[in-house]
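# Secondary and tertiary structure notes
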Amino acid sequence: MQKIVLASGNKGKLNELQQLLINCDFEVVPQTQFNFAEAEETGLTFVENAILKARNAAKHTGLPAIADDSGLEVDALNGAPGIYSARYAGPNASDADNNQKLLKEISTVTESKRSARFQCLLVLVRHELDPTPIICQGTIEGKILFEPRGTNGFGYDPLFLIPEKNCSSAQLRPEVKNVISHRGKAMKQLLQKIQSEF
């Protein structure tokens, strides 16, 4: 069975990605099983950072690699935190720190102007120098709440209202979230594209 490495050290992302890949035809191994440093996210876009992470994992493992770069875009903040979502409140910020900073930054923004979206860019490289990475994008639209709701998920999930479900992303059961989330949508596309390859 073909092995593919998941290029992420983020436990929340790893859990979600592994759930999404549970019925696929290849063996998925997290990069934490190998001893190498994570790639520096020096790109200016989600896709650049995902490619950097995937190439780094492929280089150190000799395996095809899937990498995710994702984050929250808040319209009232001109798309911030964007690619800096995981480190919005600083390099070693916790989810709670990032959520607190976000709430502070938009504390004066009215409910009607709190539109936001989660973006996910998934990249698969067949090897480190792959000239044509497979790139898939998933998006989910929502709004930023005034206070956290729910205990499922991670990151900004407790602050992200999904209007059609009338609840936060952190109030969804994981199996529901995995179908409608930005990561779930991107992974569905990626699986369709790579089934023929592996």
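Residues numbered from 1 in each chain as written. Predicted model: local features only at pLDDT ≥ 70, side-chain atom pairs only at ≥ 80, totals over all residues. Heavy atoms only, no water.

### Brief notes about the confidence of the model for the chain
Which entries qualify depends on this criterion: Summary of the metric used: pLDDT quantifies the predictor's per-residue confidence within the range 0 to 100. Only runs of H or I of at least four residues qualify as helices and only runs of E of at least two qualify as strands under DSSP, and these elements are numbered from the N terminus.
The predicted model of the chain has a mean per-residue pLDDT of 92, with 99% of residues at 70 or higher. The least confident element of the chain, judged by mean pLDDT, is helix α1 (residues 11-20) at 76; the most confident is strand β6 (residues 160-162) at 98.

### Details of unusual backbone geometry
The line we're drawing: Exposed residues in this analysis have more than 50% of their type's maximum accessible area, buried residues have under 20%, and partly exposed residues fall in between, with area computed by a 1.4 Å probe over protein chains only.
A cis amide bond, omega 0°, links A80 with the succeeding residue P81. You can see P81 is positioned in the loop between β3 (65-74) and α3 (95-105). Phi angles above zero are rare outside glycine, and N78 is one such case at about 55°. Using a relative accessible area of 79% as the deciding quantity, one classes N78 as exposed. Phi is positive for N166, close to 55°, though the residue is something other than glycine.

### A short note on the sheet that holds strand β1 (residues 3-6)
For clarity, the cut-off: Should DSSP find at least two bridges between two strands, the strands are regarded as paired. Contact criterion: two residues are considered in contact whenever any of their non-hydrogen atoms come within 4.5 Å of each other. With axes taken as lines fitted to C-alpha atoms, and helix axes fitted only over the stretch in contact, angles between N-to-C directions fall between 0 and 180 degrees.
An order of β2-β1-β3-β4-β5-β6-β7 is seen for the 7 strands of this open sheet, with the pairing classed as mixed. Two strands in the sheet have a free side with no partner beyond their single neighbour: β2 (27-30) and β7 (167-168). Pairing of β6 with β7, which is carried by 2 bridges, proceeds in the antiparallel orientation. Paired with L161 across the two strands is S168, which belongs to β7. Against the sheet, helix α5 (residues 182-194) engages β3, β4 (115-125) and β5 (134-144), with an angle of about 160° to β5.

### A closer look at the pairing of β5
Where β4 and β5 come together, 10 bridges link them in antiparallel fashion. Bridge pairing links S115 to K143 in β5. Relative to β6, β5 runs antiparallel, the two being bridged by 2 bridges. Across the sheet, the residue bridging to K143 is L161, located in β6.

### Here we look at the packing of aromatic side chains
Applied cut-off: Here the aromatic set is Phe, Tyr and Trp, taking the six-membered ring for Trp, and pairing holds for ring centres within 6.5 Å; pairs whose planes are under 30 degrees apart are stacked, those over 60 apart are edge-to-face, and all others are tilted. Definition used: whenever NZ (Lys) or CZ (Arg) falls within 6 Å of the ring centre and also within 35 degrees of the ring normal, the charge is taken to sit over that ring.
Per the counting criterion, the structure on display carries 1 aromatic pair. Plain terms: the ring middles of F118 and F160 are 4.4 Å apart, the flat faces sit at 45° to each other, and that makes the pair tilted. One end of the pair, F118, is in strand β4; the other, F160, is in strand β6, and 42 residues separate them in sequence. Take F118 and F160: they sit in the same class, and that class is buried. The ring of Y88 carries K101 above its face, with NZ or CZ at 4.6 Å from the centroid. Of note, R114 hangs over the ring of F146, and the distance from its end group to the ring centre comes to 3.7 Å.

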